[in-house]
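# Breakdown of the fold
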Amino acid sequence: MGVVNVTPDSFSDGGRYASTETAIAHGRRLLADGADLLDVGGESTRPGATRPVVAEELARVIPVISGLVAAGAVVSVDTMRAEVAAAALDAGAVVVNDVSGGLADPAVLDVVAGAGATYVAMHWRGHSDRMQQQAVYAEPDGVAGAVRQELAERVAAATSAGIAPERLVLDPGLGFAKTAQQNWELIAGLDELASLGRPLLVGASRKSFIGALLATPDGAPRPVEEREVAGHALTVLLAQRGVWGVRVHDVRGTRDVLAVWQRMHQEQGRGGSPR
Ligand code: PMM
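Anyway, here's the lowdown on the structure attached to this text. Residue positions are given per chain, counting from 1 as you read along its sequence in written order. Reporting of local features is limited, given that this is a predicted model, to residues whose pLDDT is at least 70; pairs of side-chain atoms are given and counted only at 80 or more, and all residues count toward the totals for whole chains, interfaces and linings. Side-chain measures here rest on the full set of heavy atoms in the structure, leaving out hydrogens and waters.

## As for the site of the ligand
We count it as follows: Definition of nearness: a residue and a molecule or strand are near each other if at least one heavy atom of the residue lies within 4 Å of the molecule or strand. Each polar contact in these results corresponds to two N or O atoms within 3.5 Å; when the atoms are within protein, one needs to be able to donate a hydrogen and the other to accept it, and residues that are neighboring in sequence are counted only if both atoms are side-chain atoms. All accessibility values rest on the Shrake-Rupley procedure with a 1.4 Å probe; residue burial counts only the protein chains present in the view. Under the DSSP-based scheme used, a helix requires at least four consecutive residues in state H or I and a strand at least two consecutive residues in state E, with every element numbered from the N terminus. Note that Gly is not counted as nonpolar here; it falls among the polar residues with everything else outside the nonpolar set of Ala, Val, Leu, Ile, Met, Phe, Trp, Tyr, Cys and Pro and the charged set of Asp, Glu, Lys and Arg.
Around the ligand, 18 residues are found, and the nearest of them are Ser12, Asp78, Asn97, Asp171 and Lys207. Within the contact set of the ligand, a nitrogen atom lies 2.7 Å away from a side-chain nitrogen or oxygen of Asn97. Contacts to the ligand include Lys207, whose side-chain N or O atom sits 2.6 Å from an oxygen atom. Contact with the protein chains hides 97% of the accessible area of the ligand, taken as 410 Å² for the molecule alone. Counting residues per element, the ones that place at least two in the shell around the ligand are strand S1 (2–5) and strand S5 (118–122). Broken down by class, the residue content of the shell around the ligand amounts to seven nonpolar, seven polar and four charged.

Printed below as a string of structure tokens:
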């Protein structure tokens, strides 16, 4: 899943593709680089971000979705709002990627169910202005146990709204109400989420826990645009764990590392043993 943020303020690429034209051109490049799915979003979820009004979010994403659908892309809309989800599906999107898993605007679930679309429910505890205060997970189950439990509740809400279970994808929500330490614990405990029986999507690309991992000795985080190699290493590990998808900014590099992984996987499947 390639990221097309049509926002002035996303932490990872804020402002670079904020106009319709630059966003479409960026999406087309990601498509040419081998993205299976393009995720178009008009609201930044960086910690402390202020939300755009609905009309602004619509004006950002709908023309970009139409343009990318016309270019042959399979498109998802990254939104927490029912009105935006409905307009995006009308414009040709086929997936709704809701970082709130239906908590911010429960009517999203009805829109997705009515359209028969695919739904990505991410683990979320609150809007960006207050999510870092919510990064508290009780022992003994810790972050993986709590995220599993809270995602199970979102699965129940989505299916009771009429979304078919086979149209549901789950996402641990790295960086959303989670400290760097909790993100790593969650990645290590991914099998616990897989036990919910739904495909998993993981968004780690360029996030601050990678910046913190690669910080200088005096603690300066690695700049956003220099986190890609570590992200690719994580993609290989996630592929090995059997995730359904990765949400990334650098589609070309991701395709490269997956080509290596897939080739070796195929060889091992044929009985070859890597030296
Ligand atoms: N992360 C961001 C935005 N949308 N959607 C899903 N499903 N999973 C994520 O981890 C996720 C998301 C924030 O990152 P960005 O600013 O780079 O888009």
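## Focus on the sheet that holds strand S2 (residues 38–41)
Just so we agree on the cut-off: Two strands pair under a simple rule: DSSP has to find at least two bridges between them. Fitted lines through C-alpha atoms serve as axes, helices being fitted only where they are in contact, and the angles separating the N-to-C directions of these axes extend from 0 to 180 degrees. A contact between two residues is defined here by any heavy atoms of the two lying within 4.5 Å.
Strand order in the open sheet made by the six strands is S1-S2-S3-S4-S5-S6, with parallel pairing throughout. Looking at strand neighbours, the two that pair on one side only are S1 and strand S6 (168–171), the edges of this open sheet. In this sheet, adjacent strand axes meet at a mean angle of 20 degrees when their direction is disregarded. With three bridges joining them, strand S3 (residues 75–78) and strand S4 (residues 95–98) adopt parallel strand pairing. When the bridges of S4 are listed, Val77 appears paired with Val96. The strands that helix H1 (residues 20–32) touches are S1 and S2; relative to S1, the one it contacts most, it runs at about 175 degrees.

## Regarding the nonpolar core
Heads up, the rule is: Think of a nonpolar core as a cluster: buried Ala, Val, Leu, Ile, Met, Phe, Trp, Tyr and Cys residues, connected wherever their side-chain atoms sit within 4.5 Å. Buried means the residue's accessible area, taken with a 1.4 Å probe over protein chains only, is under 20% of the maximum for its type, while exposed means over 50%, and partly exposed covers the values in between.
Counting residues in each nonpolar core, the largest one holds 66 residues, and the members touching the most others are Val4, Val40, Ile65, Leu68 and Tyr119. It is helix H5 (residues 142–160) that contributes the most residues to this core, seven residues altogether. Every residue in contact with Tyr119, bar those within four places of it in the chain, is listed here: Val96, Asp98, Gly101, Gly102, Val108, Leu109, Val112, Ala158, Ile163, Arg167, Leu168 and Val169. Membership of the second largest hydrophobic core comes to six residues, among which are Met1, Leu37, Val120 and Val169.

## Observations regarding empty space enclosed by the protein
Let me state the cut-off plainly: Both cavities and pockets are sets of points on a 1 Å grid over the protein atoms alone; in a cavity a 1.4 Å probe fits but cannot get out, in a pocket the set is open with protein on both sides within 12 Å along at least five of seven lines, and lining residues sit with an atom within 4 Å of a point. Grid points are joined across faces, edges and corners, and a volume is the space filled by probe spheres set on the points.
Taken as a whole, this structure holds one cavity of 30 Å³ or more when the rule is applied. Put simply, the largest cavity is a space of about 90 Å³. Around the largest cavity, the lining is made up of 15 residues, and of these Ser205, Gly231, His232, Thr235 and Val248 lie nearest the centre. With six residues, the single largest contributor to the lining of the largest cavity is helix H9 (residues 228–240).

## So, the packing of H9 against helix H10 (residues 251–269)
We count it as follows: Any angle that falls under 35 degrees is termed roughly parallel, while one over 145 is termed roughly antiparallel, one within 65 to 115 roughly perpendicular, and all others oblique. Crossings are assigned a handedness: left-handed for a near helix turned anticlockwise from the far helix by less than a right angle, right-handed for a clockwise turn.
Remark: H9 packs on H10, axes separated minimally by 9 Å, with the N-to-C direction vectors making an angle of 45 degrees. As summarised for this structure, H9 and H10 are arranged oblique, according to the angle between their axes. For H9 against H10, the interelement crossing comes out right-handed. For the pair H9 and H10, the contacting residues are His232, Thr235, Val236, Ala239 and Gln240 in the first and Gly253, Thr254, Val257, Leu258 and Trp261 in the second. Of the residues contributing to the contact of H9 with H10, the split by class is five nonpolar, five polar and no charged.

## Focus: the layout of surface pockets
As a volume, the second largest pocket reaches approximately 430 Å³. Asp36, Trp244, Gly245, Val246 and Leu258 are, among the 20 residues lining the second largest pocket, the residues nearest its centre. Those elements that provide at least two residues to the lining of the second largest pocket are H9, strand S8 (245–246) and H10.

## Structural notes on the pattern of salt bridges
We apply this condition: Any Lys or Arg side-chain nitrogen located within 4 Å of an Asp or Glu carboxyl oxygen qualifies as a salt bridge.
Inspection of the entire model under this criterion finds 11 salt bridges. In this structure, the salt-bridge partner of Arg247 is Asp78, at a minimum N-O distance of 3.2 Å. In this pair, Arg247 is assigned in the loop between S8 and H10 and Asp78 in strand S3, connecting sequence segments 169 residues apart. Residue classification places Arg247 among the buried residues on the basis of a relative accessible area of 15%. Beyond isolated ion pairs, a larger network of salt bridges with shared partners links Asp39, Asp78 and Arg247.

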